[in-house]
Amino acid sequence: MVRIHLGSPVPAPDARGGSFLTGSTPVPAATLILIRDRGPGDPFDLLMMERASTMAFAAGAMVFPGGRIDRGDRADGGSPDAESDLPARTAAIRETIEEVGIAVGLTPEPSADCVAQLRRELAGGSAFRDLLADARLTIDPGALTPFARWCPNFAETRSFDTLFFLARAPAGAEAQPDGSEAVSAAWASAATFLADADAGRRHLIFPTRRTLERLATFPNFAAAVAQATAIPPRRITPWIEQRADGRWLCISEDCGYPITAERLDSAHRG
């Protein structure tokens with residue numbers, strides 16, 4: 001068994017003719033997994049959105065709301081580490097408002113009209129922190145639970161260092177895709193999204209599929225939070241492993257994921 005590491009001095013070609021990136025700087029990003037519990041014994045629903053087919057990264061894929069961390073998400077405009085993971089939490093909240101019109105992690109809880117106004121102002125280029133100050137809203141970082149940190153690093157895709165957060169969806173929350181980045185959105189169980197992908201009705205990239213498989217093991221929101229707390233996120237960078245039956249895309253086996261490898265020829269990376 002041969003393991004091909006990322007960041008090798010010489011880029012190693014993969015089965016598709018691509019290679020690992022070397023010396024690239026991943027873009028800091030954040031994403032939010034919104035969960036709403038159903039009745040006892042029923043799997044919880046989570047929100048996913050379909051990215052526009054014109055997007056440079058993950059075009060047409062089902063993803064969780066999120067995006068890159070902007071300078072305005074940092075209180076001092078400095079580096080992402082300046083405030084621990086608060087810039088990532090801020091970005092996840094902001095992007096969810098922008099893309100699907102749902103606000104979480106804000107106190108006091110904003111009205112529907114307030115959320116709509118925030119969304120309009122964000123679309124017009126206003127700074128999120130300024131809008132919150134004007135609306136007398138503050139960020140409640142405790143409403144988001146760190147769940148994972150993915151940093152795939154392949155030459156044929158953009159490189160993002162993304163923090164995944166869990167949050168309970170507001171009661172009665174309805175997604176309203178922005179029509180630009182998000183062309184549709186749906187609430188369903190993790191198992192349903194996986195079944196749709198297996199049937200060819202949905203497109204999932206490698207980190208999203210692994211995340212859904214992990215989420216499908218939990219009976220409710222509280223159980224997902226409990227495991228996330230027990231297994232603090234650390235950066236996951238997949239690697240290609242040469243095995244007797246071909247090449248596999250792999251991740252570490254101690255990060256809470258039930259499936260840690262997929263044949264390279266079936267893995268979607270962007």
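In case you missed it, the structure is sitting above this.
Notes on the structure in this doc start here. Bear in mind that the values here come from a model prediction, so they are computed numbers and not experimental data.

## Remarks on unusual backbone geometry
So, point 1. Cis peptide bonds are those with omega within 30 degrees of zero, and the linkage from T107 to P108 qualifies with -5°.
So, point 2. Looking at where P108 falls in the secondary structure, it is placed in the loop between strand 7 (106-107) and helix 2 (112-123).
So, point 3. Positive phi, normally seen in glycine, also occurs at R136, with a value near 55°.
So, point 4. Following the sequence through the fold, R136 ends up in the loop between helix 3 (128-134) and strand 8 (138-139).

## Focus on the side chain of R209
So, point 1. Position of R209 among the secondary structure elements: in helix 5 (residues 206-215).
So, point 2. If we skip the residues at most four places from it in the chain, R209 touches L194, A197, D198, L204 and E262.

## So, the packing of aromatic side chains
So, point 1. Evaluated as defined, the whole model comprises four aromatic pairs.
So, point 2. Considering the side-chain rings of F64 and F164, the 6.5 Å spacing of their centres and the 80° angle between planes classify their relative orientation as edge-to-face. With a gap of 100 residues between them, F64 in the loop between strand 4 (62-63) and strand 5 (66-68) and F164 in strand 10 (residues 160-168) connect regions that are remote in the sequence.
So, point 3. Look at F64 and you get buried, because its relative accessible area is 4%.
So, point 4. With a centroid separation of 6.4 Å and 75° between ring planes, the pair formed by F147 and F218 is classed as edge-to-face. Within this pair, whereas F147 is found in strand 9 (residues 145-150), its partner F218 is found in the loop between helix 5 and helix 6 (221-230), the two being separated by 71 residues in sequence.
So, point 5. F147 gets classed as buried once you look at its relative accessible area, which sits at 1%.
So, point 6. Stacked on the ring of F147, the Lys or Arg R214 has its end atom at 3.9 Å from the ring centre.

## A short note on helix 2
Each turn of an α-helix holds 3.6 residues, which means side chains three or four residues apart point in the same direction.
So, point 1. Taking 1.5 Å per residue, twelve residues should reach 16 Å; helix 2 reaches 17 Å between its end C-alpha atoms and fits that length.
So, point 2. Looking at helix 2, one finds that the buried residues are C114, V115, L118, R119 and L122. Buried residues along helix 2 cover an arc of 140° about the axis, so they all sit on one side. Of the exposed residues in helix 2, the ones pointing more than 90 degrees away from its buried face are A112, D113, R120 and A123.
So, point 3. Tucked inside the fold, the buried residues of helix 2 contact helix 1 (86-100), strand 7 and helix 3.
So, point 4. Positioned one or two residues after helix 2, G125 has a phi angle of 100°, which is positive.

About the cut-offs
- Residue positions within a chain follow its written sequence, with the count starting from 1.
- Given that this is a predicted model, residues contribute local features only at a pLDDT of at least 70 and side-chain atom pairs are listed and counted only at 80 or more, while totals for whole chains, interfaces and linings are drawn from all residues.
- Note: side-chain values were computed over all heavy atoms of the structure, leaving out hydrogens and water.
- In this text, helices come from DSSP runs of H or I with a minimum length of four residues, and strands from runs of E with a minimum of two, each type numbered from the N-terminal end.
- Residues are treated as being in contact if the distance between any of their heavy atoms lies within 4.5 Å.
- Within 6.5 Å between ring centres, the rings of Phe, Tyr and Trp (the latter by its six-membered ring) count as paired, and their orientation is classed by plane angle as stacked under 30 degrees, edge-to-face over 60, tilted in between.
- For every residue, the accessible area (1.4 Å probe, protein chains only) is compared with the maximum for its type, and the residue is labelled buried under 20%, exposed over 50%, or partly exposed between those bounds.
- Lysine NZ or arginine CZ positioned within 6 Å of the ring centre and within 35 degrees of the ring normal marks a charge as sitting over the ring.
- By this rule, a helix spans an expected 1.5 Å times one less than how many residues it contains.
- It is the directions from the helix axis to the C-beta atoms that the arc portrays.

All quantities given are derived from atomic positions and should not be read as evidence of function.
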